[in-house]
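Here is what each chain is made of, one letter per residue.
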Amino acid sequence: MEKKEFEFSGFTLNGFVMLILTLVLFVASSVSFYFGIVEERGIYFAWGALGFLIACFLCAGFVMLEPNTARVMMFFGRYCGTFRRTGFFWVNPLITTKKLSLRARNLDAEPIKVNDRAGNPVMIGQVLVWRLKDTYKATFEIDAQQEMQSATSVGGNPSALMGFYERFVKIQGDAALRKVAGEFAYDEEDGQAGEMTLRGGGDKINDKLEQELRERLDLAGIEVVEARINYLAYAPEIAAVMLRRQQASAIISAREKIVEGAVSMVKLALEKLSSEQVVELDDDKKAAMVSNLMVVLCGDDTAQPVVNTGTLNM
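Residues numbered from 1 in each chain as written. Predicted model: local features only at pLDDT ≥ 70, side-chain atom pairs only at ≥ 80, totals over all residues. Heavy atoms only, no water.

> What is the right way to read the overall build of the chain from this model?
Scanning the chain from N- to C-terminus turns up eight helices and ten strands. Per-residue burial for the chain yields a buried fraction of 35% across its 314 residues. Partitioning the intrachain contacts of the chain with sequence separation of at least 6 by distance along the chain shows that 68% fall at a separation of at least 24. Approximately 19,100 Å² of the chain is accessible, and the part contributed by carbon and sulfur atoms is 58%. (Helix = DSSP H or I, 4+ residues; strand = E, 2+ residues; numbered from the N terminus. Buried < 20%, exposed > 50% of the residue type's maximum accessible area, 1.4 Å probe, protein only. Contact = heavy atoms within 4.5 Å. Areas by Shrake-Rupley, 256 points an atom, 1.4 Å probe, with all protein chains shown as cover.)

> Help me out: how do you make sense of the sheet that holds strand E2 (residues 62-65) in this one?
In sheet architecture, strand pairing relies on hydrogen bonds along the backbone and comes in two forms, parallel and antiparallel. The sheet built from three strands is open, its strands ordered E1-E5-E2 with antiparallel pairing. Each edge of the sheet is formed by a strand with only one pairing partner; in this case those strands are strand E1 (12-14) and E2. Pairwise comparison of adjacent strand axes, ignoring direction, gives a mean angle of 40° for this sheet. Note that E1 and strand E5 (residues 87-91) share three bridges and pair antiparallel. Within the sheet, the bridge partner assigned to Thr12 lies in E5 and is Val91. (Pairing = 2+ DSSP bridges. Axes fitted to C-alpha atoms, helices over the stretch in contact; angles between N-to-C directions.)

> Hey, could you run me through the pairing of strand E6 (residues 95-101) in this one?
For a regular strand, side chains alternate in direction, first toward one face of the sheet and then toward the other. Burial analysis of E6 places six of its seven residues in the buried class, the great majority of the element. Note that strand E3 (residues 69-75) and E6 share seven bridges and pair antiparallel. Paired with Ala70 across the strands is Leu100, a residue of E6.

> What is the right way to look at the pattern of salt bridges in this model?
Pairing is possible between side chains of opposite charge, provided their charged atoms come close. Tallied over the entire structure, the rule returns 14 salt bridges. For the salt bridge of Arg84 with Glu5, the shortest nitrogen-to-oxygen distance reads 2.5 Å. With a gap of 79 residues between them, Arg84 in the loop between strand E4 (78-83) and E5 and Glu5 in the segment before E1 connect regions that are remote in the sequence. Shared partners join several salt bridges into a network, and the residues in it are Lys179, Glu183, Lys208, Glu212 and Arg216. (Salt bridge = Lys/Arg side-chain N within 4 Å of Asp/Glu carboxyl O.)

> Hey, could you run me through a nonpolar patch on the surface in this one?
Residues Val27, Val31, Tyr34 and Phe35 make up a contiguous nonpolar surface patch of roughly 370 Å² in combined accessible area. Along the chain, Val31 falls in helix H1 (residues 15-39). (Patch = residues over 30% accessible without salt bridge, like charges linked within 9 Å, V, L, I, M, F, W, Y side chains within 5 Å.)

> How do you make sense of the environment of Gln172 when you look at a structure like this?
Locating Gln172 in the fold gives a position in helix H5 (residues 159-181). Dropping the residues within four chain positions of it, Gln172 is found in contact with Leu213, Arg216 and Leu217.

> What is the right way to read the packing of H5 against helix H6 (residues 203-217) from this model?
When two helices pack together, their arrangement is given by the angle between the helix axes and by the axis-to-axis distance. Two elements in contact, H5 and H6, have axes whose closest approach is 9 Å; the angle formed by their N-to-C orientations is 135°. For the element pair H5 / H6, the angle class is oblique. Read as a crossing pair, H5 and H6 show a hand that is right-handed. Where H5 abuts H6, its residues Phe168, Val169, Gln172, Gly173, Ala175, Ala176, Leu177, Lys179 and Val180 lie against Ile205, Lys208, Leu209, Glu212, Leu213, Arg216 and Leu217. When the residues that make up the contact of H5 with H6 are grouped by side-chain class, the tally is ten nonpolar, two polar and four charged. (Parallel < 35°, antiparallel > 145°, perpendicular 65-115°, else oblique. Left-handed = near helix turned anticlockwise from the far one by under 90°. Nonpolar A, V, L, I, M, F, W, Y, C, P; charged D, E, K, R; others polar.)

> Just checking my understanding: could you explain the nonpolar core for this structure?
One recurring pattern in soluble globular proteins is that nonpolar side chains are buried together. Residues Leu128, Trp130, Leu132, Tyr165 and Ile222 are the most contacted members of the largest nonpolar core, which totals 39 residues. Mapped onto this core, the elements with two or more residues apiece are E3, strand E8 (112-115), strand E9 (121-132), helix H3 (135-140), H5, H6 and strand E10 (222-234). Take this core: its biggest share by element is ten residues, from H5. Contacts of Leu132, omitting those with residues within four sequence positions, involve Leu100, Ser101, Leu102, Ala138, Met162, Tyr165, Ala220, Gly221 and Ile222. In terms of nonpolar packing, the next biggest core, distinct from the first, is built from nine residues, Val63, Met73, Phe83 and Phe89 among them. (Core = buried A, V, L, I, M, F, W, Y, C linked by side-chain atoms within 4.5 Å.)

> Explanation requested: the side chain of Thr22 in the structure shown.
Within the secondary structure, Thr22 is located in helix H1. For Thr22, the side chain forms a polar contact with the main-chain oxygen of Met18, separated by 2.7 Å. Discounting residues that sit within four places of it in the chain, Thr22 has contacts with Ala55, Leu58, Cys59 and Phe62. (Polar contact = N/O pair within 3.5 Å; in protein donor to acceptor, adjacent residues only side chain to side chain.)

> Looking at this structure, I do not really get the sheet that holds E4. What am I missing?
If you walk across this open sheet you meet the three strands as E4-E3-E6, and the pairing is antiparallel. Either end of the sheet is taken by a strand with one partner, and the two such strands are E4 and E6. Shown here is a sheet whose adjacent strand axes are inclined to one another by a mean of 25°, direction ignored.

Pasting the structure below:
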């Protein structure tokens, strides 16, 4: 896409030099008024009034810029460039300027309720770092006339205009977050095995979110420095049910591990008894031994030992 922004190349003058000249003109106008009163000559009043009007006109051309700020310069509606030089300057008073801040800003969005790919309602929030990059797009590609009017003045405060951009970023950020959240399941239990999920995606999900935000905010000349999901949870209405499901899944996984360990221990015990010829067991005795060991190893409660004082057949 063609870049329409360019640097202002019009006439500029050191602001302090022009300030001295303007003060001299004010003083000269005052002296002319004085002689007009003393000598009662109208020509002095005329020169004094003219000098005073010219000095007031020159005062409208003073421009002061701090680091990481810029002014969009317009001459009767025509874009003349973007002025970024830091300091105190004087420009053509007929040029209208709009002050913009180019500093990085944070947006810590409140969690919003969205539906993941499986249709489950989840609460998801993001933190976003952004800043204005293209002043032409930020000024002319989106409509912020009321806010821009408050920033269109010499020394104008860009707070109202930047507040508009913050609201624009928040709305587009919520839309991007809803779109990304709807493309993935919350976790693997809600989706297919091996696919990327919101909870397990990590940096890949964040990269996807950044890409979506850049596509949406590029229209307004806004650069996305960083975007991260900072909050993710099930919605309150299903949180308790999902917690029980997660607890059940954890219990099943733990049981599988316990059974796997118990089987390996029983197998080792039978192999040891057989290889070292400690005792000869037929199939019935082995089955009984396996049953007893599995009950002891897999049971939740502590086993109560029973001492056999007779023979193995008792």
